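Residue-level structure breakdown
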Amino acid sequence: ALDRATVKPEQVTTWELGLKTQAFDRRLTANLAAYYTEITDFQANVVDAAGPGAIRGYISNVEKVEIQGVELDLNAHPTSAVDLYANVSWTDGEYISFTNGPCPLELIGASTARCDLSGQALPGVSPWAVAVGGEWRGPGSLPGLSGEVFLGADASYRSTYNSDAAVSRFTEIEGYGLLNLRAGFRSDDGWDAFLWVKNALDEDYLQFVSVQTGNSGLVIGNPGDERTVGFTLRATY
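Residues numbered from 1 in each chain as written. Predicted model: local features only at pLDDT ≥ 70, side-chain atom pairs only at ≥ 80, totals over all residues. Heavy atoms only, no water.

A separate point is a negative patch on the surface. On the surface, D202, D204, D225 and E226 cluster together into a patch of negative charge. Within the element layout of this structure, D204 appears in the loop between β10 (191-198) and β11 (206-211). (Patch = residues over 30% accessible without salt bridge, like charges linked within 9 Å, V, L, I, M, F, W, Y side chains within 5 Å. Areas by Shrake-Rupley, 256 points an atom, 1.4 Å probe, with all protein chains shown as cover. Salt bridge = Lys/Arg side-chain N within 4 Å of Asp/Glu carboxyl O. Lys, Arg positive; Asp, Glu negative; His and termini not counted. Charge placed at Lys NZ, Arg CZ, Asp CG, Glu CD. Helix = DSSP H or I, 4+ residues; strand = E, 2+ residues; numbered from the N terminus.)

Below, the structure is given as structure tokens:
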């Protein structure tokens, strides 16, 4: 079917309204933005059931997708030794028109061909995402090296979202939070040495879950990394 071999370019139109501010002698920066994005000919997997007894998925174009949201970014430097940040975002993404999409697993049957996903949430989009963190620095030294010691932490959270294009109830990923920690030494000569811990609370979470188009029960996924501890030695020149 050579008429299906061409994928049209996506056409993206975005409107954004925001406010950028600084206060307390630039020790605090606050940026707020609201946006609306419309994507026509959105590139995604669609389903062709024209052939007898076959369901084929291939890359093509979805008529229309909309994404809208609000983002708040905060950065603070209360002292020369402390840096803090916080980010909060609300996002709403939706298939406005997607009439020939893959069917969610719970609707697949012997005669299932394709499903109308118009009005369904866009996969991979968490309605809420939050990140906070900071770093403290202080003078320090190692034998033969002068510099600074530092301690840092980064925490993030994303709310429940669906990770599969068919938006099946079996591919919904529950919200989760992660905490990363680090501590080390930076020399004035460009050497860094630090110990880090990723997923310090050993949170169990999934990075994605997916269902292959046309199958009748196979659900695949990839779990997130468990608590990981490491050491990094880095030189900058």
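Let's pick the thread back up.
It is worth spelling out the nonpolar core at this point. Core analysis: the biggest nonpolar cluster contains 15 residues, and F42, V62, V65, I67, Y95, F98 and L122 have the highest contact counts within it. Breaking this core down by element, the ones donating at least two residues are β2 (28-48) and β3 (56-79). The residues touching I67, leaving out its near neighbours within four places in the chain, are Y35, Y36, T37, I39, T91, D92, G93 and L122. Within the second largest apolar cluster, six residues are counted, among which are Y176, L178, Y205 and V209. (Core = buried A, V, L, I, M, F, W, Y, C linked by side-chain atoms within 4.5 Å. Buried < 20%, exposed > 50% of the residue type's maximum accessible area, 1.4 Å probe, protein only. Contact = heavy atoms within 4.5 Å.)

This paragraph deals with the environment of Y176. For Y176, the location among the structural elements is in strand β9 (residues 176-187). Each C-alpha atom of the pair Y176 and G93 lies 20 Å from the other, and the pair is 83 residues apart in sequence. What Y176 contacts, discounting residues up to four positions off in sequence, is S156, Y157, R158, Y161, E203, Y205 and L206.

Let us look at the pairing of β10. Pairing of β9 with β10, which is carried by six bridges, proceeds in the antiparallel orientation. Residue pairing for β10: L181 is matched across the bridge by V197. What sits between β9 and β10 in their antiparallel hairpin is a turn of three residues, with G190 showing a positive phi close to 95°. Alignment of β10 against strand β13 (residues 228-235), held across eight bridges, turns out to be antiparallel. Bridging across to β13, L195 finds its partner in F231. (Pairing = 2+ DSSP bridges.)

Another aspect to go through is unusual backbone geometry. Negative phi is the rule for most residues except glycine; trans is the rule for most peptide bonds. One non-glycine residue, F24, lies in positive phi territory at about 55°. Checked against the element boundaries, F24 lands in the loop between β1 (11-23) and β2. Exposure remark for F24: the relative accessible area of 63% places this residue in the exposed category. The phi torsion at R26 lies on the positive side, around 65°, for a residue other than glycine.

Next up on the list: the pattern of salt bridges. Pairs can form between side chains of opposite charge whenever their charged atoms are close. If you walk through the whole model with that rule in mind, you get nine salt bridges. E148 is the salt-bridge partner of R186, the closest N and O atoms lying 3.2 Å from each other. One end of the pair, R186, is in strand β9; the other, E148, is in strand β6 (residues 145-158), and 38 residues separate them in sequence. Under the relative-accessibility criterion, R186 is labelled partly exposed at 22%. Relative accessible area serves as the criterion here: at 24%, E148 is assigned to the partly exposed category. By sharing partners, the salt bridges in this structure join D83, E135, R137, E148, D154, R182 and R186 into a single network.

A surface patch of nonpolar side chains, about 740 Å² in accessible area, is lined by L19, L32, V70, V88, W90, W128, V130, V132 and Y157. At the level of elements, β4 (82-97) and β5 (128-142) are the ones that each hand at least two residues to the nonpolar patch. With three residues, β5 is the largest single contributor of residues to the nonpolar patch. Residue placement: L32 occurs in strand β2.

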